[in-house]
Amino acid sequence: MQFSDFDPLKGKCLQVLAPDGEVDPKLLPDFDDDTLRTVFRHMLAARLVDRHCMALQREGRLGTYPPLEGQEACQVGSALALAETDWIVPSFRELAATLVRGVPLETILLYWMGNEEGSRIPRRFRLLPVSIPVGTHTLHAVGIAMALRYRQEEGAVVCYFGDGATSEGDFHEAMTFAGVRRAPVVFFCQNNAWAISVPRNIQCAAESLAVKGVGYGMPGIQIDGNDPFAVFLATRMALERARAGSGPTFIEAVTYRLGPHTTSDDPSRYREDAEVEKMRALEPLVRYRCFLEKRGLWSQAWEDDLVRELEGWIEEAVRQAEVHPGPGPQDVFDHMFAELPPHLARQRAELLAALAGEG
Amino acid sequence: MAQLNLVDAINRALREELEADPSVLLLGEDVGKEGGVFRVTEGLQQAFGEERVIDTPLAESGIVGVAFGMALLGLRPVAELQFMGFLPPALDQIISHIGRIRNRSRGEYTAPMVIRMPYGGGIHAPEHHSESNEAILAHIPGIKVVIPSTPADALGLLKCAIRDPDPVLFLEPKRIYRAVKGEVPDGEHLVPLGRARLVRPGRDVTLVAWGAMVREAEKAAEELAGEGVEAEIIDPRTVSPLDVEAIIASVKKTGRCVVVHEAPRTCGLGAEISALLMEEALLQLRAPVVRVTGFDTVMPLPKGEHFYLPDVLRIVRAVQKTMSF
């Protein structure tokens with residue numbers, strides 16, 4: 001398989017696992033049974049965490065939260081293609097990729113609870129903290145990729161972003177830099193059809209987003225983003241290209257945001273429920289469950305056990321995040337500089353005195 | 001007189017100006033079908049059509065730069081940025097082009113446009129959704145910066161901003177979008193730019209505050225009144241250009257001044273107001289000007305934002321300090 005077999009200008013799109021659970025045996029990755037089940041486990045874990053987060057937000061126990069429901073295959077399939085030496089540069093909806101990387105769930109929860117400690121992600125994970133300003137981080141991914149090459153370190157970079165980000169100027173600058181510098185970076189666009197209320201066809205007039213690669217001198221490929229095998233294959237191939245010094249790749253993973261943009265958003269104002277229902281039939285867990293069942297790798301009892309185990313893990317992480325003492329007033333100041341400058345030391349003392357009721 | 005909140009008042013201003021002037025149009029992310037993430041533009045696309053209320057791609061520099069192009073041809077675009085935290089990509093357009101065009105073309109071209117955006121903290125919003133960068137904007141030549149603190153002012157100021165011959169940045173304190181209701185006159189209501197509002201008269205100390213901080217200053221003034229201190233509150237309403245005369249006149253009367261703002265302290269507008277008082281009212285000052293502000297730090301996430309935002313406690317302490325100087 002080569003990228004040129006799936007030319008987006010000819011309307012090609014890579015799919016291995018169809019919505020009915022049938023696979024293209026020529027393209028199926030060589031996964032053993034345990035790995036096949038692990039893919040399901042990761043997707044289910046993200047789904048369950050996501051639903052817990054939505055519920056916690058409704059109960060006032062979590063701040064504004066951007067759900068990923070529907071995008072599990074995009075993130076699990078791609079994150080599983082990464083080596084430990086590869087970097088992840090996420091936007092803000094990459095819960096599943098972050099979990100696959102092994103970041104503790106309580107850390108992720110702390111961030112969405114409004115605690116800075118949630119962005120303290122140890123460097124060994126090679127995963128940057130969430131980036132909320134849309135598209136700005138695509139340039140950081142290119143910089144990291146250029147630095148890896150300069151330092152002759154192993155590894156490549158996967159940068160996640162959405163269809164909306166492809167409209168931002170920074171995205172185009174990132175693609176330009178990556179192309180010219182042949183940076184070892186994979187631009188992974190999760191086209192989830194909606195940027196808050198703006199549908200994909202209003203976001204960009206091109207037939208596909210994958211064609212954008214052409215204009216920057218890199219291959220672009222459109223893949224079925226609800227098919228973890230297609231995602232895995234495309235990402236692996238792009239990473240091999242990157243590591244071989246052949247430069248960047250643009251992947252458009254076509255998926256669907258089943259939930260709202262964030263908990264602050266009401267999608268019923270701009271899209272029909274019928275559309276969402278139609279897309280539910282195509283979501284990744286449904287088809288992957290069918291696939292496993294056909295191979296004798298799935299039973300309801302197995303999934304029930306898995307759910308019980310994952311629920312226990314989630315409840316423990318929520319408990320740990322909720323007993324976290326939270327920031328004190330000094331936390332506002334103490335991470336601003338390596339050494340606290342005098343004016344900030346004064347402001348810090350002033351706040352502490354005010355809170356203590358001292359004159 | 002109608003009772004409106006800030007969101008309703010801004011919506012009414014936009015509706016009235018769209019009705020009155022076919023050269024007015026709106027553009028921004030989610031402003032059309034969605035009616036804006038805070039519902040400020042609710043119903044306007046339905047009323048005025050997709051050609052005048054435009055849902056744009058997700059690109060702040062694009063929104064502002066395109067609006068500038070429209071203004072060059074004589075339209076009066078009102079661009080919306082979804083949050084002030086997403087202003088930075090558009091700053092290049094504002095600094096490099098919008099604030100300069102009248103001067104560099106010697107008046108051949110102008111930019112009669114408005115850029116609206118919600119700003120400020122206090123609603124437990126996610127990262128990048130709580131910034132107060134009005135001082136950065138006030139430092140840019142060639143643009144005006146307006147901040148309403150009441151529904152009536154929001155209506156009258158926005159209408160004047162849209163009609164203004166020069167570019168106006170219109171910052172909406174989202175903490176009081178719905179928290180403050182007030183009487184708004186029926187019929188045409190205009191509030192000229194550059195003129196302060198006397199929020200509360202008092203003889204002992206002048207509090208200068210704008211946006212959501214006006215409400216905090218009012219609460220502090222109530223508390224201080226209980227201690228026998230009569231605080232006068234001035235809301236400049238336009239932070240660039242400032243109504244210097246109104247501030248000076250008040251401080252010449254009271255002899256004391258406390259400036260309250262959410263934005264970081266260093267090079268904030270408190271510093272500017274303090275310098276103006278040094279220039280114009282030095283001999284009437286009975287105590288140094290005190291600033292109650294956000295800190296020179298990153299705006300904390302929700303769990304820590306109450307440490308950062310000026311509140312009644314900090315304002316009252318500052319006033320006590322200046323009274324006992």
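For the structure itself, consult the block above.
This is a predicted model, so every value here is computed, not measured.

Turning next to the overall build of chain B. Of the regular secondary structure elements, chain B holds twelve helices and 14 strands. Projecting the C-alpha coordinates of chain B onto the three principal axes gives extents of approximately 60 × 40 × 40 Å. Looking at the 325 residues of chain B, the share that counts as buried comes to 60%. Taking the contacts inside chain B whose residues are at least 6 apart along the sequence as the reference set, 80% of them involve residues at least 24 apart.

Looking now at the packing of helix α1 (residues 33-58) of chain A against helix α2 (residues 72-80) of chain A. Residues and elements named next belong to chain A. Their axes nearest at 10 Å, the elements α1 and α2 cross at an angle of 135 degrees. Our classification of the angle between α1 and α2 gives oblique. As α1 runs across α2, the sense of the crossing is right-handed. Listed contacts from α2 to Val-39, His-42, Met-43, Ala-46 and Arg-47 of α1 are Glu-72, Ala-73, Val-76 and Leu-80. Tallied by class, residues from the contact of α1 with α2 come to six nonpolar, one polar and two charged.

Strand pairing in a sheet is mediated by backbone hydrogen bonds. Such pairs are either parallel or antiparallel. Residue and element names in this part refer to chain B. With mixed pairing, seven strands are arranged side by side in an open sheet as β3-β2-β4-β5-β7-β6-β12. Bordering the open sheet on either side are β3 (53-55) and β12 (238-240), each of which pairs with just one other strand. On average, each strand axis in the sheet is inclined to that of its neighbour by 20 degrees, with strand direction left out of account. Alignment of strand β6 (residues 144-146) against strand β7 (residues 168-173), held across three bridges, turns out to be parallel. Looking at the pairing, Val-146 lines up with Phe-170 of β7. Relative to the sheet, helix α1 (residues 6-20) contacts β2 (24-28), β4 (76-80) and β7, its axis offset from that of β2 by approximately 130 degrees. The strands that helix α7 (residues 151-163) touches are β2, β4, β5 (114-119), β6 and β7; relative to β7, the one it contacts most, it runs at about 160 degrees.

Right, let's get into the pairing of β5 of chain B. Residue and element names in this part refer to chain B. Most of β5 is tucked away: six of the six residues are buried. A two-sided burial pattern is seen for β5, the buried positions comprising Val-114, Arg-116 and Pro-118 on one face and Ile-115, Met-117 and Tyr-119 on the other. Where β5 and β7 come together, six bridges link them in parallel fashion. In the sheet register, Tyr-119 faces β7, and the bridge partner there is Pro-173.

A word on the pairing of β7 of chain B. Residues and elements named next belong to chain B. With six of six residues buried, β7 lies mostly within the body of the structure. Side chains Val-168, Phe-170 and Glu-172 project from β7 onto one buried face, and the interleaved Leu-169, Leu-171 and Pro-173 project onto a second face that is buried too. Between β6 and its parallel partner β7, the chain crosses via α7, and the hand of that crossover is right-handed.

What counts and how
- Residues numbered from 1 in each chain as written.
- Chains lettered and ligands numbered in written order.
- Predicted model: local features only at pLDDT ≥ 70, side-chain atom pairs only at ≥ 80, totals over all residues.
- Helix = DSSP H or I, 4+ residues; strand = E, 2+ residues; numbered from the N terminus.
- Buried ≥ 20, exposed ≤ 12 C-beta atoms within 10 Å, placed from the backbone.
- Contact = placed C-beta atoms within 7 Å.
- Axes fitted to C-alpha atoms, helices over the stretch in contact; angles between N-to-C directions.
- Parallel < 35°, antiparallel > 145°, perpendicular 65-115°, else oblique.
- Left-handed = near helix turned anticlockwise from the far one by under 90°.
- Nonpolar A, V, L, I, M, F, W, Y, C, P; charged D, E, K, R; others polar.
- Pairing = 2+ DSSP bridges.
- Right-handed = clockwise from strand over helix to strand, strands pointing away.

These figures come from the coordinates and say nothing about function on their own.
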